[in-house]
Amino acid sequence: MARALPWGRRRPNIGGMSFSPDGRTVLPPLGARKRIALVAHDHEKAALLTWARAHREALARHELFGTGTTGGLVAEALGLPVTRFMSGPLGGDQQLGAAIAEGRLDLLIFFWDPLEAQPHDPDVKALLRLVVLWNVPCAMNAASADFLFSSPWLDQTYGRSGGPRDPRAKISATPQA
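A.B. asks: Even after reading the chapter, I still don't get the sheet that holds strand β3 (residues 82–85), so can you show me in this structure?
C.D. replies: Hydrogen bonds between backbone atoms are what pair the strands of a sheet, whose relative direction is either parallel or antiparallel. Spatially, the five strands line up as an open sheet ordered β3-β2-β1-β4-β5, and their pairing is parallel. Single-partner strands in this sheet number two, and they are β3 and β5 (138–139). Across five bridges, strand β1 (residues 35–40) lies against strand β4 (residues 107–111) in parallel orientation. Bridge assignment links Ala40 to a residue of β4, and that residue is Phe111. Helix α4 (residues 92–101) rests against β1, β2 (63–67) and β3 of the sheet, and its axis sits at about 120° to β3.

A.B. asks: Looking at this structure, how should I read the pairing of β1?
C.D. replies: Each regular strand shows side chains that alternate between the opposite faces of the sheet. For β1, the buried fraction is high: five of the six residues fall into the buried class. Both β1 and β2 contribute to a ladder of four bridges, which runs parallel. When the sheet's bridge partners are listed, Ala37 is paired in β2 with Phe65.

A.B. asks: Looking at this model, I keep getting lost on the nonpolar core. Mind explaining?
C.D. replies: In a soluble, globular protein the nonpolar side chains are often hidden away together inside. One finds Ile36, Leu38, Leu48, Trp51, Leu59, Ile109 and Phe149 to be the most contacted residues of the largest nonpolar core, which totals 21 residues. Those elements that provide at least two residues to this core are β1, α1 (45–54), α2 (56–60), α3 (68–78), β4 and α6 (142–149). Top contributing element to this core by residue count: α1, with four residues. With residues near it in sequence (within four places) discarded, Ile36 still touches Leu59, His62, Glu63, Leu64, Phe65, Leu107, Ile109 and Phe149. In this structure, Phe65, Ile100, Leu105 and Leu130 belong to the second largest nonpolar core, which totals 18 residues.

Rules of the game
- Residues numbered from 1 in each chain as written.
- Predicted model: local features only at pLDDT ≥ 70, side-chain atom pairs only at ≥ 80, totals over all residues.
- Heavy atoms only, no water.
- Pairing = 2+ DSSP bridges.
- Helix = DSSP H or I, 4+ residues; strand = E, 2+ residues; numbered from the N terminus.
- Contact = heavy atoms within 4.5 Å.
- Axes fitted to C-alpha atoms, helices over the stretch in contact; angles between N-to-C directions.
- Buried < 20%, exposed > 50% of the residue type's maximum accessible area, 1.4 Å probe, protein only.
- Core = buried A, V, L, I, M, F, W, Y, C linked by side-chain atoms within 4.5 Å.

Structure, rendered in C-alpha cells:
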C-alpha cells in the first residue's frame, strides 16, 4: 500500500523547482548577461531588423537566440552570433517555449503580425502563455522593446517573483497575512 508523503510545512522540490510557502514557484534571478530570443513573423522581419540594428551595442552584451530565418537575418545584419532554433511553423516556437520553461531564455523580443493568420497560431499562443507563466519579460513591437532595453535591469541581475503555482497548493481568494 502506498503511503502519503509527509509534505508538512516544507514544499518539495519537483523537477528541479522549489516552491515558496504561498505555493508559487521560486524563480531563479535573471543574470546580468541575458539570454535574449529575437523572433519575427514574415511581415515584421524588416521592423525587427531595423530595431535590432539600432540596439546592436546593447544586444552584443547578451547571448542571442532566434528562430529559423529570423535568427539568420539577425546574425547577418548585426555580425553577432545567434543560436538558431527551427523555423517557427516547423517547431521553433515550441522550442522557444521549452527553453523558457527550462529556464534557458531570459527575455523574448517577438514582433508578431497581428493582421495575418499564421498556420502555427496555436504554437504562438502556447509560447506567449509560457512567457506569462514563467514571468519572462517580453516585447512585441518596437515601442515595448525600446522600453525593455532602456530599463536599468537589462544589464543587471533581476530577481523575479511569481512563477507557476504548485498545482497542489490551495488557492484562497483572501490574501494571506
